[in-house]
Amino acid sequence: MARDLSPEVERLMRSREVNTKKKAALCSIRIVRKVPDLAENFMALAASLLKEKHHGVLISAIQLCTELCKASKDALEYLRKNCIEGLVRILRDVSNSSYAPEYDVSGIADPFLHIRVLKLMRILGQGDADCSEYMNDILAQVATKTESNKNAGNAILYECVQTIMGIEATSGLRVLAINILGRFLSNRDNNIRYVALNMLMRAIAVDVLAVQRHRTTILECVKDADASIRKRALELVFLLVNDTNVEPLTKELIDYLSIADPDFKGDLTAKICSIVEKFSQEKLWYLDQMIKVLSLAGNHVKDDVCHALIVVLSNASELQGYSVRSLYKALQAYGKQGSLVRVAVWCIGEYGEMLVNNVGMLDGEEPVTVTESGAVDAVEIALNCHSADATTGAMCLVALLKLSSRFPSTSERVKQIVARNKENVVLELQQRSIEFSSIIQRHQSIRSSLLERMPVLDEASYLVKRATATQATISADKLAPTVAPGGLKLPNGVAKPTSAPLADLLDLSSDGAPASTTTSTTTSNGFLQDLLGIGGVSTATTGVPSIASTDILMDLLSIGSSPSQNGTPGQAESKPVHAVPEAIDLLGSLSSTTSVSAETKPTHLVSQDMDLLDGLSSSTSVSGLEKTVHPSITAFQSATLKITFDFKRQPGNPRETTIHATFTNLTSSTYTDFIFQAAVPKFIQLKLDPASGNTVPANGNGSVTQGLNVTNNQQGQKPLAMRIRMSYKVNGEDRLEQGQVSNFPSGL
């Protein structure tokens, strides 16, 4: 219909009647939108309509030109050559016109026509230096002559700024446009300030120096009562920070942090921490700013920021004394800030003697008078005030244990403080209390080597790990694409995302939702857990220590040399609360020359009368435990496929078993795109290694192998159970087989 009626519309656009021309132009806009091929028929007519005097016809013609530019590149080039002069004339006439009641809006002559012309100019001038140069003068005139005390005038000015920033304008004209936005920031209208902040964020990419001139006004917007303006201004300040202005800007933001609304403190704190980490030029300034942030908004600081601070402290040996004194003073004044407490307690535990003896005093630093008992007091108060936080409580217990070694006179008092947690409802704290009490009471000979200062943390490795964790979080937040059944391509060893069919696969027992078979697990507070080996949940729940803290006493307390030098240490399995009576000491009766080398049994790892650290010296060697081997089983067999499992028990942990799976093709056709999946109940942890390949040869002439690592957290109470699924292609056709493995050897 548009094609058939197009000639008639063209004829009506040549009419002498003003209303007819206007309606024909509006109709042609719809025709061009429906049939872009017809754009060339209207180019000359649209250009001719720009010579009209009636504003209604002009607005319709300008809108038609805009649609033509969007529909056709040829039309865009044609209008650049033939319309730019007419547009400049229209804008000059309407800007200089005298009062006309018909078009007047708040003292501005036809702001609607102003804005339409400016939008079309932006399209024509974008990427074209000649057009942009031709319209520079009129844009400067509009920007300087338009009044900004009325909303209509502000609308024209805002559109003029957008046009200036969108074309190839001169630098002077851009500065003029940014200055207009700076005036907008002082306006009382929230909407005007908000659009100005948005526009300034785009203008930074064009002329950052011009935006920097309005830094003070932008900082005032950070303190605005309107939440939207605050957040937008904070993002703009973040973009404005560079090496030359980082210190004054950071000072302004930190000063405001103390009076900021609680709802805004989280965003403000995150930005300040990011600025300080990114632009810090010296470690002393970095430490000062981070301690201020921890003091004013420690409850809003994330764990990875605290870990980064501790990594810097560990590497700045010349600033460790200054840092522990500064953190001690901050702890006295701001003891309710959680992140501050954790960092301060860690530093007091590591560098307590520097605090008491005023070691490493800097020029101009005031000495702090702290006794050995005062250092213990600070940690004890933190433990009592933050007893509900398992992470903070565990760090306090570690700090107290280390202080008992640094300050022998406080040993008895520390023992009493630690012993109060022997019946703590949090198993992590209860277990630490029992083990630490035993170290203080019964292992004086090795306590100093057990509680040596932690080694310097590798900054480079930490930065790589942090970047990887951040990227993994970003990737996890993205929505997974919808895939048809059989259409998901995954390499062997990568767990498939949970879906409705997989839920059936996981329906193993009445234990509820099974554990995910992902290859690794990361908790939200993993950085601090890495640092001090503190689990986010109790070890009785997980049943297995994390990889980062394989042996919590050997790794956490740094006995003598590194674990790699001492061999593979044995691990004591975690017991429920009622299974750790005080009379049973897990650190009992080994002589200083004892070497542990015993075969691991399925049901008993450590006898009740054995204490792994009794009399243990720094020269004690702990040899590796032998692996327990179980007979192979046929886990699955059909007319087409056979799967066998070989087992090896991991040394030092009876709950962990390595399974070697072998897949054999029993048919005469080769299997391609072979993928093996496994699911287990929630009390079992499963890790899949990459497979040796994804093609299974025909007639058993070769096989594919894959490793599985299984940890049974209820070993001895419930047997292993597993559902398996194999997907593959035969001559391009998808095949699927599944089954349940229930014939695992006893004791796994």
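Computed from a predicted model, the values in this text were never measured in an experiment. (Residues numbered from 1 in each chain as written. Predicted model: local features only at pLDDT ≥ 70, side-chain atom pairs only at ≥ 80, totals over all residues. Heavy atoms only, no water.)

A. Fine view of the pairing of strand β9 (residues 722-730). Where burial is concerned, most of β9 is hidden: 7 out of the 9 residues are buried. Alignment of strand β6 (residues 672-679) against β9, held across 6 bridges, turns out to be antiparallel. Along β9, the bridge assignment pairs Phe676 with Met726. Pairing geometry for β9 and strand β10 (residues 733-741), over 9 bridges, is antiparallel. Paired with Lys729 across the strands is Asp734, a residue of β10. Hairpin connection from β9 to β10: 2 residues lie between these consecutive antiparallel strands, with Asn731 at a positive phi of about 55 degrees. (Buried < 20%, exposed > 50% of the residue type's maximum accessible area, 1.4 Å probe, protein only. Helix = DSSP H or I, 4+ residues; strand = E, 2+ residues; numbered from the N terminus. Pairing = 2+ DSSP bridges.)

B. Highlighting helix α9 (residues 151-166). Its 16 residues give α9 an end-to-end C-alpha distance of 22 Å, which sits within 8% of 22 Å, the value for a rise of 1.5 Å per residue. Of all the 16 residues making up α9, 12 are buried; the element is thus mostly covered by neighbouring parts of the structure. On its buried side, α9 packs onto β1 (104-105), β2 (108-109), α7 (111-125), α8 (129-145), α10 (171-185) and α11 (190-203). (Expected span 1.5 Å × (residues − 1). Contact = heavy atoms within 4.5 Å.)

C. Molecular detail of the sheet that holds β6. Taken together, the 3 strands give an open sheet; going across it, the order is β6-β9-β10, and neighbouring strands pair in antiparallel fashion. This sheet does not close on itself; its edge strands, each paired only once, are β6 and β10. Put simply, the sheet's adjacent strands are angled 15 degrees from each other on average, direction ignored. (Axes fitted to C-alpha atoms, helices over the stretch in contact; angles between N-to-C directions.)

D. Spatial organisation of the pattern of salt bridges. Taken as a whole, this structure holds 26 salt bridges when the rule is applied. The closest approach of N and O atoms between Arg342 and Asp389, which form a salt bridge, is 2.9 Å. In this pair, Arg342 sits in helix α20 (residues 338-357) while Asp389 sits in the loop between α21 (372-385) and α22 (390-406), placing the two residues 47 residues apart along the sequence. Using a relative accessible area of 12% as the deciding quantity, one classes Arg342 as buried. Between Arg735 and Glu733 there is a salt bridge, with its nearest N and O atoms 4.0 Å apart. Residue classification places Glu733 among the partly exposed residues on the basis of a relative accessible area of 45%. (Salt bridge = Lys/Arg side-chain N within 4 Å of Asp/Glu carboxyl O.)

E. Structural view of the confidence of the model for the chain. A residue-level look at the chain finds 78% of positions with pLDDT of 70 or above and a mean pLDDT of 79. The low-confidence segment residues 478-610 (pLDDT under 50) makes 263 contacts with residues lying over four places distant or belonging to another chain. Counting interchain partners and residues more than four positions distant, the pLDDT-below-50 stretch residues 615-627 has 42 contacts. (pLDDT = per-residue confidence, 0-100.)

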